[in-house]
Amino acid sequence: MRIVVLGGGPGGHSAAFEAARLGASVTLIEREFLGGTCLNWGCIPTKTILRSARVAWDARNAADYGLRLPVADVDEERLLDRKEGVVQELRSQLEATAARLKVELVYGEGRLVGPKTVRVTDSEKHTDHTADALILATGSEVFKLPGIDHTLERVWTSYEATSVLATPTSILIVGAGAIGLEFACAYASFGAEVHVVELMPSVLPGNDKRVQKAAQAALEAMGVRFYLGQAADAVGQYGDRMETTMPDGTIIETDYVLSAVGRKPLSEGFGFPEAGIEMERAAVKVDEHFRTSVPGVYAVGDLVGGMMLAHAAEEEGATAARNAVREHARASVETLPAGLAHAADLESVDYSCIPACVYTFPEIAVVGSSRDAAKDAGLDVVQAVSKYAGNGKALSEGEAEGFVQMVAEKGSGRVVGCQIVGPHAVETIHEVAVAKRHGLTVRDIAETVHAHPSVSEVIKLAALDAAGKCGI
Ligand SMILES: Cc1cc2nc3c(=O)[nH]c(=O)nc-3n(C[C@H](O)[C@H](O)[C@H](O)COP(=O)(O)OP(=O)(O)OC[C@H]3O[C@@H](n4cnc5c(N)ncnc54)[C@H](O)[C@@H]3O)c2cc1C
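Predicted model only: the values in this text are computed from it and were never measured. Along each chain, residues carry numbers from 1 onward, in the same order as the chain's sequence is written. The model is predicted, so local features are restricted to residues of pLDDT at least 70 and side-chain atom pairs to those at 80 or more, both for listing and for counting; the totals for chains, interfaces and linings are taken over all residues. Water and hydrogen atoms play no part in the side-chain values, which are based on all heavy atoms of the structure.

**Student:** How should I be thinking about a positive patch on the surface in this particular structure?
**Tutor:** A cluster of basic residues, Lys209, Arg210, Lys213, Arg371, Lys375, Lys387, Lys410 and Lys469, forms a positive patch on the protein surface. Helical segments are the DSSP runs of H or I of at least four residues, strand segments are the runs of E of at least two, and each set is numbered from the N terminus. Counting residues per element, the ones that place at least two in the positive patch are helix H7 (209-221) and helix H9 (371-376). Looking at which element gives the most residues to the positive patch, the answer is H7, with 3 residues. Between buried and exposed lies partly exposed: a residue is buried under 20% and exposed over 50% of the maximum accessible area for its type, with that area taken using a 1.4 Å probe on protein chains only. Judged by relative accessible area, which is 54%, lysine 387 ranks as exposed. Surface patches are defined over residues having more than 30% relative accessible area and no salt bridge, joining like charges when they lie within 9 Å and nonpolar side chains (Val, Leu, Ile, Met, Phe, Trp, Tyr) when within 5 Å. A 1.4 Å probe and the Shrake-Rupley method give the accessible areas. Residues count as covered only by the protein chains that appear here. Salt bridge, as used here: a side-chain nitrogen of Lys or Arg that lies within 4 Å of a carboxyl oxygen of Asp or Glu. Only four residue types enter the tally: Lys and Arg on the positive side, Asp and Glu on the negative side; His and the chain ends are excluded. By convention, the point assigned to a charge is CZ for Arg, NZ for Lys, CD for Glu and CG for Asp.

Now the structure itself:
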């Protein structure tokens, strides 16, 4: 079977690698760099910069740990070199995996010229690639507010913020979602004056209220100033200064403005609707098995909207690849490859078990539903909250702010969701994700011995409390 994958980000490369592991002959088409937004301008560059920010923040607060250190001075060149080194290393590992799995890599921009034919254009020539199945994974692009002139040199998006050799001494960030808050945290750690404007009345719109409040308080404690329920009405550049005016007349002057108001699926000009693929605005419409309206054509990742996270895209990509192989085997009366022999049914992704994380100081990680969302969905739930303030490891590390909020189903005690704001939240959320994925109860978590001292003990305590409230 022959599969063509369009787009080499997390959705596309995981689809290509999974299909190749299942024995398909695979071509992966990428117009820029393998790894996509995530590796080149998103997840990895921001976390690399945040690591430097953490060192700077710790140096700034060294006296609290009994150390005398000078305040860190940012060396932009070395900081960006380090980021580039990490990106290159991961990119070359992806290329090595492609080579090992015999995935053909084709560089150039792809466009559909038939339901299952992609025409790739590079500077010199066109080549057509026809397949039994096609997996679309062209990702997303920065959403640009019409009121902000992005041609101004000092108006940044996450792209410039992860690639330009400059550290602002003052910045106004538009948007208090995960990306906006991570940059706010990084720049505040480097010593910049940071302002964040958000149209909604709270930071991290859509999240649990306690999480929102804790995130805002933590960043305010770092010096970040929030303007919630406000809009960046007019943004102008005057020499080296940016001036942002808000509807109430407040004017904020900064070095830079960073627009972080979200992303939208990248689909325009790639021939999708012309090939008969049904769209929902910029997103490709798919069913729960990632099938588009054209048989044999699948779509995954940011292109289909939804969670718009790298690990969600990866899971969707691998799932779509398995579904494509299954459907092709079914249609051609071939036997399923060994890797799929155990399950002939088409797969979907359980989004309720996928964690979503924000890498601020402290980190934030959530999985499943909050108490309010669960109640809105008609579930009878209990909630237990345990704080890091009494946790030995968190106190030793000087990071005893935050909490674990565990939500469980009354009666059964099954894990429904968990919200963590606290040290290492991004790592510790996974034990709850495993519990939720496998229908375990809060009692199961509570009865598992957690190492002492560890910040995970707070999860155990929250689970124990929830088990009591559930009466199990
Ligand atoms: C600043 C920032 C920070 C982020 N941090 C995180 C994080 O910490 N954790 C997380 O889970 N997510 C994070 N994300 C989101 C994450 O990057 C995306 O959800 C993820 O990259 C989506 O993967 P994808 O494969 O769908 O798309 P992409 O990664 O966008 O990949 C699409 C690929 O397709 C290529 N392409 C597009 N059109 C064509 C074409 N016509 N022909 C050939 N190739 C084409 C592109 O060049 C690109 O390489 C972040 C995003 C940003 C911007």
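Picking up after the structure, the text goes on.
**Student:** Looking at this model, I keep getting lost on the packing of helix H3 (residues 43-60) against helix H4 (residues 76-100). Mind explaining?
**Tutor:** Helix packing geometry: the angle between the two helix axes and the distance between the axes. Angles run from 0 to 180 degrees between N-to-C directions of axes, and those axes are lines fitted to C-alpha atoms, restricted for helices to the stretch in contact. The contact between H3 and H4 brings their axes to 9 Å, and the two run at 140°. In this view, H3 runs oblique relative to H4, as classed from their interaxial angle. H4 is crossed by H3, and the crossing has right-handed handedness. Across the interface between the two elements, Ile44, Pro45, Thr48, Ile49, Arg51 and Ser52 from H3 touch Leu79, Arg82, Lys83, Val86, Val87 and Leu90 from H4. When its residues are assigned to classes, the contact of H3 with H4 shows 7 nonpolar, 2 polar and 3 charged. These descriptions rest on fixed angle ranges, namely under 35 degrees for roughly parallel, over 145 for roughly antiparallel, 65 to 115 for roughly perpendicular, and the rest for oblique. For any helix crossing, the convention is left-handed if the near helix is rotated counterclockwise from the far helix by under a right angle, and right-handed if that rotation is clockwise. Only heavy atoms enter the contact rule, under which two residues are in contact if any of them lie within 4.5 Å. All amino acids are sorted into three groups, where Ala, Val, Leu, Ile, Met, Phe, Trp, Tyr, Cys and Pro are nonpolar, Asp, Glu, Lys and Arg are charged, and the leftover types, Gly among them, are polar.

**Student:** Which parts of the structure should I look at to understand the pairing of strand E25 (residues 415-422)?
**Tutor:** Consecutive side chains of a regular strand alternate in pointing toward one face of the sheet and then the other. The buried count for E25 comes to 8 of 8 residues, which makes it a mostly enclosed element. Taken together, the 6 bridges between strand E22 (residues 363-368) and E25 define a ladder with antiparallel strand orientation. What sits directly across from alanine 365, in E25, is isoleucine 420. At least two bridges found by DSSP between two strands is the condition for calling them paired. Relative to E25, strand E24 (residues 403-409) runs antiparallel, the two sharing 6 bridges. Bridging from a neighbouring strand, valine 404 pairs with isoleucine 420 of E25. Where E24 folds back on E25, the antiparallel hairpin that results is connected by 5 residues, among which glycine 411 adopts a positive phi of roughly 90°.

**Student:** Just checking my understanding: could you explain the site of the ligand for this structure?
**Tutor:** Taken together, 39 residues sit near the ligand, with Glu30, Thr37, Lys47, Asp302 and Ala310 positioned nearest. Glycine 11 places a main-chain nitrogen or oxygen 2.9 Å from an oxygen atom of the ligand. For the ligand, the accessible surface in isolation is 990 Å², of which the surrounding protein chains cover 95%. Broken down by secondary-structure element, the contributors of at least two residues to the shell around the ligand are helix H1 (10-21), strand E2 (25-30), helix H2 (36-40), H3, strand E4 (109-114) and helix H8 (310-331). Of the residues belonging to the shell around the ligand, the class tally is 16 nonpolar, 16 polar and 7 charged. Proximity is defined per residue: any heavy atom of the residue falling within 4 Å of a molecule or strand makes that residue near it. N or O atoms closer than or at 3.5 Å make up a polar contact, with two conditions inside protein: a donor-capable atom paired with an acceptor-capable one, and, for residues adjacent in sequence, both atoms drawn from side chains.

**Student:** Teacher, can you tell me more about the side chain of glutamine 212 here?
**Tutor:** In this structure, glutamine 212 sits in helix H7. Looking at glutamine 212, its side chain comes within polar contact range of the main-chain oxygen of leucine 204, at 3.2 Å.

**Student:** Sorry, what's going on with unusual backbone geometry here?
**Tutor:** The phi torsion of most residues other than glycine is negative, and most of the peptide bonds are trans. Of note, the bond from phenylalanine 361 into proline 362 is cis; its omega dihedral lies within 30 degrees of zero at 0°. Cis geometry marks the peptide bond from histidine 452 to proline 453, where omega comes out at -10°. Turning to its location among the elements, proline 453 is positioned in the loop between helix H12 (442-446) and helix H13 (457-470). For leucine 204, which is not glycine, the phi dihedral falls at a positive 45°. Positionally, leucine 204 belongs in the loop between strand E11 (193-198) and H7. Since its relative accessible area comes to 4%, leucine 204 is described here as buried. With a phi close to 70°, phenylalanine 290 is a non-glycine residue in the positive phi region. Relative to the elements of secondary structure, phenylalanine 290 occurs in the loop between strand E19 (283-284) and strand E20 (297-299). For phenylalanine 290, a relative accessible area of 3% translates into the label buried.

**Student:** Please explain empty space enclosed by the protein as it appears in this structure.
**Tutor:** Over the atoms, a rolling probe the size of a water molecule traces out where space has been left empty. Put simply, the grid is 1 Å and covers the protein atoms alone, a cavity is a trapped set of points that fit a 1.4 Å probe, a pocket is an open set with protein on both sides within 12 Å along at least five of seven lines, and lining residues have an atom within 4 Å of a point. Grid points are joined across faces, edges and corners, and a volume is the space filled by probe spheres set on the points. Per the counting criterion, the structure on display carries 2 cavities of 30 Å³ or more. The computed volume of the largest cavity comes to approximately 120 Å³. The wall of the largest cavity is formed by Ile49, Val74, Glu76, Leu79, Leu80, Trp156, Ala161, Val164, Ala166, Thr167, Tyr187 and Phe190. Tallying contributions element by element places H4 first for the lining of the largest cavity, with 3 residues. For the lining of the largest cavity, a count of residues per class yields 10 nonpolar, 1 polar and 1 charged.

**Student:** Teacher, can you tell me more about the sheet that holds E22 here?
**Tutor:** Sheet architecture is open: 5 strands sit in the order E21-E22-E25-E24-E23, paired in antiparallel fashion. Of all strands in the sheet, those with a lone pairing partner are strand E21 (356-358) and strand E23 (381-387), marking the two edges. Averaged over neighbouring strand pairs, the angle between their axes works out to 10° when direction is ignored. Across 7 bridges, E23 lies against E24 in antiparallel orientation. Residue pairing for E24: valine 382 is matched across the bridge by alanine 408.

**Student:** Honestly, the sheet that holds strand E3 (residues 104-107) in this entry has me stumped. Any pointers?
**Tutor:** By definition, the strands of a sheet pair up through backbone hydrogen bonds, in either a parallel or an antiparallel sense. As summarised here, the arrangement of the 5 strands in space is E3-E2-E1-E7-E20, forming an open sheet in which the pairing is parallel. Strand pairing shows two members of the sheet lacking a second neighbour, E3 and E20, which therefore form its edges. Taken over all neighbouring pairs, the strand axes of this sheet differ in orientation by 20° on average, direction set aside. Relative to strand E7 (residues 133-136), strand E1 (residues 2-6) runs parallel, the two sharing 4 bridges. Directly across from valine 4, in E7, lies its bridge partner leucine 134. The strands touched by H1 are E1, E2 and E7; relative to E2, the strand with the most contacts, the crossing angle is about 165°.

**Student:** Just to check I follow, could you spell out a nonpolar patch on the surface for this structure?
**Tutor:** A cluster of nonpolar side chains, namely Tyr65, Leu67 and Leu69, defines an oily patch on the protein surface of about 300 Å² accessible area. In this structure, tyrosine 65 sits in the loop between H3 and H4.

**Student:** Looking at this model, I keep getting lost on H13. Mind explaining?
**Tutor:** Three or four residues apart is the spacing at which side chains of an α-helix point the same way, because the helix has 3.6 residues per turn. A helix is expected to span 1.5 Å for every residue after the first. Across its 14 residues, H13 extends 20 Å between first and last C-alpha, which sits within 8% of the 20 Å expected from 1.5 Å per residue. Along H13, the residues that are buried comprise Glu457, Val458, Ile459, Ala462, Ala463, Ala466, Ala467 and Cys470. Looking at the buried side of H13, the elements it contacts are E23, E24, E25, helix H11 (425-437) and H12. Backbone geometry just downstream of H13 places glycine 471 in the positive-phi region, at approximately 70°.

Scope: geometric values only; no functional claims are made or implied.
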